[in-house]
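# Observations on chain architecture
Listed here are the chains, written in short residue letters.
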Amino acid sequence: MIAAVCDTCSLIKLRKGQALTCLGVLFDMVYIPEAVKAECSSSDVNEILYLPFIQIRKVSHVLPLGLGKGEREAISLAMELGVKTLLTDDEKAFRNAAKQGLEPIRVFQVLVYAKKLGVISSVKWVLDKMKQNGEGIRDDFYQQTLEDAGEL
């Protein structure tokens, strides 16, 4: 089974880009810890919790990392479950996950991979939707992602 653990910021970005469902194609299961569930529940992204490929899990031991609660629990959950892939766009969480031996990936990498597999037809369309829905994307990330996707 191909699985990943995901934090809140990545779910929000994918939702803004109307690309949440690509996670269900790329991964058999996407686990989120209870802290991420709470963050999603208290925002306008609570429909994420009802997607069939999302599974909410309680973390038995939260690692003492200098991160937000959702990021700490996501890294801890990945470690507990033995899931190597952590989807996060938080820079500190990305570095901490790598130090823990996980394989962190960013939303932009997911989009490029989804395009290469034919799950989405245009990374540019998704990125533009993200921007239209208030997601700040640095110009260099935007350009690099389009280049990686073969859309420049």
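Below: a short report on this structure. (Residues numbered from 1 in each chain as written. Predicted model: local features only at pLDDT ≥ 70, side-chain atom pairs only at ≥ 80, totals over all residues. Heavy atoms only, no water.)

## Concerning the sheet that holds strand 5 (residues 103–105)
Pairing within the open sheet is parallel, and its five strands lie in the order 3-2-1-4-5. Where the open sheet ends on each side, the last strands, each with one partner, are strand 3 (54–57) and strand 5. Mean inter-strand twist for the sheet, computed between neighbouring axes without regard to direction, equals 30 degrees. Where strand 4 (residues 85–87) meets strand 5, three bridges bridge the pair, whose relative direction is parallel. (Pairing = 2+ DSSP bridges. Helix = DSSP H or I, 4+ residues; strand = E, 2+ residues; numbered from the N terminus. Axes fitted to C-alpha atoms, helices over the stretch in contact; angles between N-to-C directions.)

## Describing the packing of aromatic side chains
If you walk through the whole model with that rule in mind, you get one aromatic pair. When the ring of Phe108 is compared with that of Phe141, the centres are 6.0 Å apart and the planes differ by 45 degrees; the resulting orientation is tilted. Taken together, the residues Phe108 in helix 6 (residues 107–116) and Phe141 in helix 8 (residues 139–148) connect sequence positions 33 residues apart. The aromatic ring of Phe94 is capped on one face by Arg106, whose charged end is 3.8 Å from the ring centroid. (Phe/Tyr/Trp six-rings, centres within 6.5 Å; stacked < 30°, edge-to-face > 60°. Lys NZ or Arg CZ within 6 Å of the ring centre and 35° of its normal.)

## Thoughts on helix 6
For helix 6, the set of buried residues is Val107, Phe108, Val110, Leu111, Val112 and Ala114. Tucked into the core, helix 6 has its buried residues touching helix 1 (8–16), helix 2 (21–26), strand 4, strand 5, helix 7 (123–132) and helix 8. A positive backbone phi angle near 80 degrees is found at Gly118, which sits one or two residues after helix 6. (Buried < 20%, exposed > 50% of the residue type's maximum accessible area, 1.4 Å probe, protein only. Contact = heavy atoms within 4.5 Å.)

## Some details on the pattern of salt bridges
If you walk through the whole model with that rule in mind, you get eight salt bridges. Close ionic contact of Asp89 with Lys13 constitutes a salt bridge, the shortest N to O distance being 2.9 Å. Residue Asp89 is found in the loop between strand 4 and helix 5 (91–99), and its partner Lys13 is found in helix 1; the two are separated by 76 residues along the sequence. Side by side, Asp89 and Lys13 carry an identical accessibility label, which is buried. Among the ionic pairs, Glu151 bridges to Lys115, the shortest N-O distance being 2.9 Å. (Salt bridge = Lys/Arg side-chain N within 4 Å of Asp/Glu carboxyl O.)

## Some words on the pairing of strand 1 (residues 3–6)
What you see with strand 1 is no split at all: Ala3 and Val5 on one side and Ala4 and Cys6 on the other are buried throughout. Inspection of the sheet shows strand 1 paired to strand 2 (residues 29–33) by three bridges, in the parallel sense. Directly across from Ala3, in strand 2, lies its bridge partner Met29. Bridging between strand 1 and strand 4 involves two bridges; their strand directions are parallel. If you follow Cys6 over to strand 4, its bridge partner there is Leu87.

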